[in-house]
Amino acid sequence: METEKPKIALYVKRSFGEKFNASFDFIKENWKLMLKYATYLLLPLCLVQALSLNGLMTYTIGMSGLLEAGSMFPDSAILSFFSYYGLYMLLLIIGIVLLTALVYAMIRTYNEREERLRGVTLGMLRPMLLHNVKRMFILVFFGLVLTMLASLIIGVIAALFPVTLFPIVIILLIPFMIAVAVPFSLWAPIYLLEDITVMGTLKKTFRLGFTTWGGIFMISLVMGIIAGILQGVTLIPWYIGTVVKYIFATSGGGTEATVSVGYSFLLYLLAIVQVFGAYLAMIFSFVGLAYQYGHASEKVDSIMVESDIDNFDKL
């Protein structure tokens, strides 16, 4: 009889390899449940997002054909292009919010239950899921505000120098922006895995982030590469199909008259696979950052030690 593996603790100091293994062990243990609930939440969104993606590419192909022919872009084509682009980006943000909320709801539930995720239904996750969705939209709002403030500061700094020095100023600012951006990877894990205010999260993000900067960078890089490879696998069929559509369109005098309805539907199905696959690939980064957060919390704040002291009288 196979012995059950020990529960994967969240708040543990780990080396990079141990964090990597813990992340994959969690995904391996719970992949069926994650896939099931991700499908429930994201597949309806992907059906619409795939339409916007194909619509975006259709107008891109059409505008490319007009550019090659030396013609001007109609205002309607430009408006449609940005409409599809805006819709796609809006759906992408909603999809990332839903997926992030789901993954961290499952990780927190797993960490708090002795039974792990056995017997957990989507209905049981719903209160925490809705709580996380609300918090994710708060993070998106504050993220946009901070981005605008950062852009304003960069603009003011650049304005203080002559135009000829502007490229040099930007190049010098890039390392600083990267150094500050890396700790922000812990912003969502801290806010969703703890009961803490958004400003408290921001302070803790920098405190934990700069202390464990190298670990955050490495886990983000490696998990990002894995996610990128998986996204590429689902992207290639859709990309090839889009290129073939472009060839058909240009061979038909810059129109889509030669592209059949059946082929367009096939391209739509491939777009659904591409969009949904891209979301699933993000799970690796989200889980990796969760265990990086657990490592940082234990290293800096000794959460488990404090918890054991608080619960000593119950032993």
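Our subject is the structure that appears above.
Residues numbered from 1 in each chain as written. Predicted model: local features only at pLDDT ≥ 70, side-chain atom pairs only at ≥ 80, totals over all residues. Heavy atoms only, no water.

Q: Help me out: how do you make sense of the overall build of the protein chain in this one?
A: Each helix and strand in the protein chain was counted, giving 9 helices and 0 strands. In the protein chain, the order of α-helices and β-strands from amino to carboxyl end is α-α-α-α-α-α-α-α-α. Expressed as a percentage of its 315 residues, the buried residues of the protein chain come to 40%. The long-range fraction of contacts in the protein chain, counting pairs at least 24 apart against all pairs at least 6 apart in sequence, stands at 78%. (Helix = DSSP H or I, 4+ residues; strand = E, 2+ residues; numbered from the N terminus. Buried < 20%, exposed > 50% of the residue type's maximum accessible area, 1.4 Å probe, protein only. Contact = heavy atoms within 4.5 Å.)

Q: Is there a simple way to think about the packing of helix H3 (residues 122-159) against helix H6 (residues 198-211) in this case?
A: The relative placement of two packed helices is expressed as an angle between their axes plus a distance between the axes. In contact at an axis separation of 11 Å, H3 and H6 are set at 60 degrees when each is read in the N-to-C sense. In this structure, the crossing between H3 and H6 has a hand that is right-handed. Contact residues: Ile138, Leu139, Phe142 and Leu146 in H3; Val198, Met199 and Leu202 in H6. Per-class residue counts for the contact of H3 with H6 are 7 nonpolar, no polar and no charged. (Axes fitted to C-alpha atoms, helices over the stretch in contact; angles between N-to-C directions. Left-handed = near helix turned anticlockwise from the far one by under 90°. Nonpolar A, V, L, I, M, F, W, Y, C, P; charged D, E, K, R; others polar.)

Q: Help me out: how do you make sense of the packing of aromatic side chains in this one?
A: In this description, a pair of aromatic rings is defined by centroid distance and the angle of the planes. Following the criterion strictly, the structure yields 15 aromatic pairs and no others. Consider the rings of Tyr104 and Phe286, whose centres lie 6.4 Å apart with planes at 45 degrees: the pair is tilted. One end of the pair, Tyr104, is in helix H2 (residues 75-112); the other, Phe286, is in helix H8 (residues 261-301), with 182 residues separating them in the sequence. There is no split in this pair, since Tyr104 and Phe286 are both buried. Plain terms: the ring middles of Phe265 and Tyr268 are 6.3 Å apart, the flat faces sit at 45 degrees to each other, and that makes the pair tilted. (Phe/Tyr/Trp six-rings, centres within 6.5 Å; stacked < 30°, edge-to-face > 60°.)

Q: Is there a simple way to think about unusual backbone geometry in this case?
A: Here Arg116, not a glycine, exhibits a phi torsion of approximately 60 degrees, which is positive. Secondary-structure assignment places Arg116 in the loop between H2 and H3. Classification of Arg116 by relative accessible area gives buried; the value is 7%.

Q: What am I meant to see in the environment of Cys46 here?
A: Note on placement: Cys46 falls in helix H1 (residues 16-68). The exposure class assigned to Cys46 is buried, which follows from its relative accessible area of 0%. As a C-alpha pair, Cys46 and Ile272 span 226 residues in sequence and 5.8 Å in three-dimensional space. Those residues in contact with Cys46, other than ones at most four positions away along the chain, are Ile272, Val275, Phe276 and Tyr279.

Q: Which parts of the structure should I look at to understand the packing of H3 against helix H4 (residues 166-181)?
A: For the pair H3 and H4, the least separation of the axes is 10 Å and the interaxial angle reads 145 degrees. In the packing of H3 onto H4, the handedness of the crossing is right-handed. Between H3 and H4, the residues in contact are Ile154, Ile157 and Ala158 and Phe166, Val169, Ile170, Leu173 and Met177, respectively.

Q: Please explain the nonpolar core as it appears in this structure.
A: One broad trend across soluble globular proteins is that nonpolar side chains are buried collectively. The biggest cluster of nonpolar side chains holds 68 residues, and the ones touching the most others in it are Phe26, Leu42, Tyr279 and Val287. Broken down by secondary-structure element, the contributors of at least two residues to this core are H1, H2, H3, helix H5 (187-193), H6, helix H7 (213-251) and H8. Here this core gets 17 residues from one element, more than from any other, and that element is H8. Once you skip the residues sitting within four places of it in the chain, Phe26 turns out to touch Ile8, Met34, Met106, Ile107, Tyr110, Leu117, Val287 and Tyr291. (Core = buried A, V, L, I, M, F, W, Y, C linked by side-chain atoms within 4.5 Å.)

Note that every value here comes from positions in space, so none of it alone points to a role or purpose.
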